[in-house]
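# Chains, contacts and geometry: an overview
So you can see what is in the structure, the chains are spelled out below.
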Amino acid sequence: MDGTAGRINAAVAAAAGQPLLVQSFADWREAARELLAFEIAPHTVKWITHEGGGDLFSAAPQPQSAPAVASATASADAIAVLNPRKANPTLHLPRKLMDMLASAACCRVADRWAFLYRVVWRWQHGDQVVMSAADEDGSRLHAMFKAVHREEHDMHAYIRFRERPEEAGAPRFVAWFEPSHDVLPQVAQHFVSRMGRISWMIATPDASVLWDGATLHNTGPLMSSSADLDDPGEALWLTYYRSIFNPARLNAQRLQSHIPSRFWKNLPEGAVVPEMISQAAAGARRTGQAEAVGQRRGTTIAITPAQAQPRRDAPSTLDQCRRCELWQHATQAVGGEGPQRARIMLVGEQPGDQEDLAGQPFVGPAGKLLDVALADAGLDRRTVYLTNAVKHFKWEPRGKRRLHKTPAQREVEACAYWLDQELAQVQPDVIVALGSTALKAVLGSSHAVLKDTLGQPIRHNGRWVVTVYHPSFILRVPDDAAKKNAMAVMVAGLKLAQQLAAGQGPATPAP
Ligand code: URA
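Because the structure is predicted, anything quoted here is derived from the model rather than measured.

### Here we look at the confidence of the model for the protein chain
- With 71% of its residues at a pLDDT of at least 70, the protein chain reaches an overall mean of 81.
- Confidence drops under pLDDT 50 across residues 51-76; counting only partners more than four residues distant or on other chains, this segment forms 49 contacts.

Structure, rendered in structure tokens:
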């Protein structure tokens, strides 16, 4: 549509006393620009939203926009009274105000479009106090902005994806949520960046989004409640939730303030919380007794982590692995990568933040440093098999970042199940252990010490094991000379691994 015609359409409709139909922030922005250009005052404009309110930002076909509705019915009289301003009608708003308007537009209040127009009208007419929280409109704008951001946060925190049985074309994880504001598009973007290539769907009463691992699809409502989710994985989650619930530490009020009760009905754990609260008093008594019993001296029985670990069924795929708890906070399991058979296998510690998102080992900063070391050693990354001792990213939150946390020995032992399978398949002649965790995983010993094995190949289970520094360690070395030195040790280790793979190492000790 020609720009002038567009401006006249919305302005004509308003001048003719017709309501403007607005369904998205983009619609509103276009209409507001037109109205301001023709100096149409806020109190003369009537805004309407699609009946039923929702589906504001979905990509489903939109009904007619404000200008189009107006052009169909505007009267010639209305055109005659319009008084285009001489000045350039382009609307220049500060970025901060634009961001606040865009967020506030997601707030489900009946007069949102009229309110936003009043704000920009005031701003355009030099009344910049409108952005201040001390102003009546400004305070409301701030409150709407905050309400939308809180809702986004709640949706990130309280949405629960349920795993679906594998079915061609169907999303792997499905979640139901009833947002109070129109935050689905931005929340969908959040999960696109968190869940990598795993497919998922989020359904809400007004709209749904589907991520197929590569593209985000917006659709209309697909489900009417969480009851439409038939969840085989939920029993597992409830068992886990019950097991971490400590009745002695229950503070029902805090529990309610952490998980507002409006979310309970759609959270699997919401169903068991009331029951657990009612059992808490008895539970606390039992715990008190247990403490007293615990103070009596007993006999300590030495037991290895492997013995203490509960027996679990062998998982058939890495994605299904629940041998330790790390899967819960990781985006996905990250398996090894490389040729089916390779003479050299490089074993790292665990995927980092970027590997967790990408689903591939060594693609982040440590991976980049490893690439340089491999190139310096004349080793082609495509010819080696790259994997990690632990296949899920272990981290702790630090502000908005996920900070790497060293895996515990029991997690390394639980994951040895997968490393053993990789070794059996790839059958490398040489394993390069990158750092201490990898060395312990490869040797199966929690006593292996990195500095004793640097530059000293070890014969283990019929293969050579070469130890080098972990690339993340080299990245952290503060001093330039020491960093260079650590890098030289790494390159030398990789060269040694090539010689050993070519049968040029020290004489192989008798088995
Ligand atoms: N560090 C590791 O040990 N492995 C990776 O895949 C990435 C960083």
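### Describing the site of the ligand
- Around the ligand lies a shell formed by Gly-348, Glu-349, Gln-350, Pro-351, Gly-352, Glu-355, Pro-361, Phe-362, Ala-366, Asn-388 and His-470.
- Here a nitrogen atom of the ligand sits 2.7 Å away from a polar atom, N or O, in the side chain of Asn-388.
- When the free accessible area of the ligand is taken as 230 Å², the share hidden by the protein chains comes to 95%.
- Residue classes in the shell around the ligand are distributed as four nonpolar, five polar and two charged.

### Focus on the pairing of strand E14 (residues 463-468)
- With respect to burial, E14 is a largely interior element, six of its six residues being buried.
- Side-chain alternation along E14 places Arg-463, Val-465 and Thr-467 on one buried face and Trp-464, Val-466 and Val-468 on a second face that is also buried.
- Note: strand E12 (residues 430-434) against E14, five bridges, orientation parallel. Counted as the bridge partner of Ala-433 is Thr-467 from E14.
- Pairing between strand E13 (residues 458-460) and E14: three bridges, direction antiparallel. Among the inter-strand pairings, Ile-458 is bridged to a residue of E14, identified as Val-465.
- Linkage of E13 to E14, two consecutive antiparallel strands, is achieved through a turn of two residues, within which Asn-461 is found at a positive phi near 50°.

### Some words on the sheet that holds E14
- Strand order in this open sheet of five strands is E9-E8-E12-E14-E13, and the pairing throughout is mixed. Every interior strand has two partners, whereas the edge strands, strand E9 (385-388) and E13, have only one. Direction aside, the axes of adjacent strands within the sheet are offset by 30° on average.
- Sheet strands in contact with helix H19 (residues 480-501) are strand E8 (344-348), E12 and E14, and its direction is about 170° off that of E14.

### Quick notes on the nonpolar core
- Grouped together as the largest cluster of nonpolar side chains are 60 residues, with contacts concentrated most on Trp-28, Trp-47, Leu-101, Leu-116, Tyr-117, Leu-141 and Trp-200.
- At eight residues, helix H6 (residues 112-124) tops the list of elements feeding residues into this core.
- Excluding residues within four positions of it along the chain, Trp-28 makes contact with Val-22, Trp-47, Leu-101, Trp-113, Leu-116, Tyr-117 and Val-120.
- With 30 residues, the next largest nonpolar core counts Leu-454, Tyr-469, Met-487 and Val-491 among its residues.

Rules of the game
- Residues numbered from 1 in each chain as written.
- Predicted model: local features only at pLDDT ≥ 70, side-chain atom pairs only at ≥ 80, totals over all residues.
- Heavy atoms only, no water.
- pLDDT = per-residue confidence, 0-100.
- Contact = heavy atoms within 4.5 Å.
- Near = heavy atom within 4 Å.
- Polar contact = N/O pair within 3.5 Å; in protein donor to acceptor, adjacent residues only side chain to side chain.
- Areas by Shrake-Rupley, 256 points an atom, 1.4 Å probe, with all protein chains shown as cover.
- Nonpolar A, V, L, I, M, F, W, Y, C, P; charged D, E, K, R; others polar.
- Buried < 20%, exposed > 50% of the residue type's maximum accessible area, 1.4 Å probe, protein only.
- Helix = DSSP H or I, 4+ residues; strand = E, 2+ residues; numbered from the N terminus.
- Pairing = 2+ DSSP bridges.
- Axes fitted to C-alpha atoms, helices over the stretch in contact; angles between N-to-C directions.
- Core = buried A, V, L, I, M, F, W, Y, C linked by side-chain atoms within 4.5 Å.

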